[in-house]
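# Fold and contact review
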Amino acid sequence: MMSKTHIAVGVAAALAAAPASTEGLSYALMGGAAGSLICDIDRSSERPSRDVKQGWAIAFTVFFAGFMHKSYAYWQTFKAENLLENPLRLVYLGLLIVLFLIAINGAHRGFSHSLLMFAASSVLIFLINRQTSLFYAIGFLTHLIIDLLNKKPVRIFYPAKGVCLGWFYADGIANRVLLLSGCAACAALFVIKFQVYGNILQVIR
Ligand SMILES: [Zn+2]
């Protein structure tokens, strides 16, 4: 499916799983946006298409919307004294970058779309910043599930051969239905969860 669809569905799933707090929503936006599109990092090595460029622009926007919301808490993770206190975090960050570099150079729907990449990147993100990791994993899984519906095989069990259900074309009617449902779910969840959060605040006050 197209990048926008992956982001809409992935972020909606992350928002659904997020606790109804500003913090939960921030981490859901960051993790959901990153996880839902990171698999397609393998489309960036060739000349990126319009869909790829639009996708990354939207993913970064959503990521930073979450980041701005809770930037103070997030930066605590990467503060020099915290990194020195736990220098292993730098090692995990380095390993994550190496993993992404391997993924970027692979064939489309190869290693970057595998359970191996899912497990390795989710564990590393958990070790770097555990609040974001659950939502990253959810976003990643929605991407794999959506791609499996397509006609092009996905090497989910890498290095084994690719599999797919072959039901839909990536840019056909299913893509549009999923995109619209994902956007509607995101909007509804925002209203519902913020409403819940507002109510909790009222009760406390
Ligand atoms: Zn994909």
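Source: prediction; values computed, not measured. (Residues numbered from 1 in each chain as written. Predicted model: local features only at pLDDT ≥ 70, side-chain atom pairs only at ≥ 80, totals over all residues. Heavy atoms only, no water.)

## Points about the coordination of the zinc ion
For clarity, the threshold we go by: A 2.8 Å cut-off from the metal defines N, O and S donors, relaxed to 3.2 Å for Na, K and Ca; water is not in the atom list, so some sites may appear incomplete. Every geometry call rests on angle ranges, with four donors termed tetrahedral when all angles are between 85 and 135 degrees, four termed square planar and six termed octahedral when opposite donors are over 155 degrees apart and all others are between 65 and 115, and everything else termed irregular. A run of H or I in DSSP counts as a helix once it spans at least four residues, and a run of E counts as a strand once it spans at least two, with each numbered from the N terminus. Here the term buried applies to any residue with accessible area under 20% of the maximum for its type, exposed to any over 50%, and partly exposed to those in between, with areas from a 1.4 Å probe on protein chains only.
At this site the zinc ion is bound by Asp 40 (OD), His 113 (NE2), His 143 (NE2) and Asp 147 (OD), with donor distances of 2.0 to 2.3 Å. What the four donor atoms of the zinc ion show is an angle range of 87 to 177° at the metal, which sorts the shape as irregular. Donor residues for the zinc ion sit on one chain with the sequence pattern D-x72-H-x29-H-x3-D. Placement of the pair is Asp 40 in the loop between α2 (22–38) and α3 (50–69) and His 113 in the loop between α6 (88–104) and α7 (115–128), with a sequence separation of 73 residues. Under the relative-accessibility criterion, Asp 40 is labelled buried at 5%. Exposure remark for His 113: the relative accessible area of 0% places this residue in the buried category.

## Structural notes on the pattern of salt bridges
In plain terms, the rule: Here a salt bridge means any side-chain nitrogen of Lys or Arg lying within 4 Å of a carboxyl oxygen belonging to Asp or Glu.
Enumeration over the complete set of coordinates arrives at three salt bridges. As a salt-bridge pair, Arg 109 and Asp 147 come within 3.4 Å of each other at their nearest N and O atoms. Remark: Asp 147 occurs in helix α8 (residues 130–148) and Arg 109 occurs in the loop between α6 and α7; sequence separation between them is 38 residues. Pair check on accessibility: Arg 109 and Asp 147 agree, each one buried. Several salt bridges converge on common partners, so that one network encompasses Asp 40, Arg 43 and Asp 51.

What is shown is where atoms sit, not what they do.
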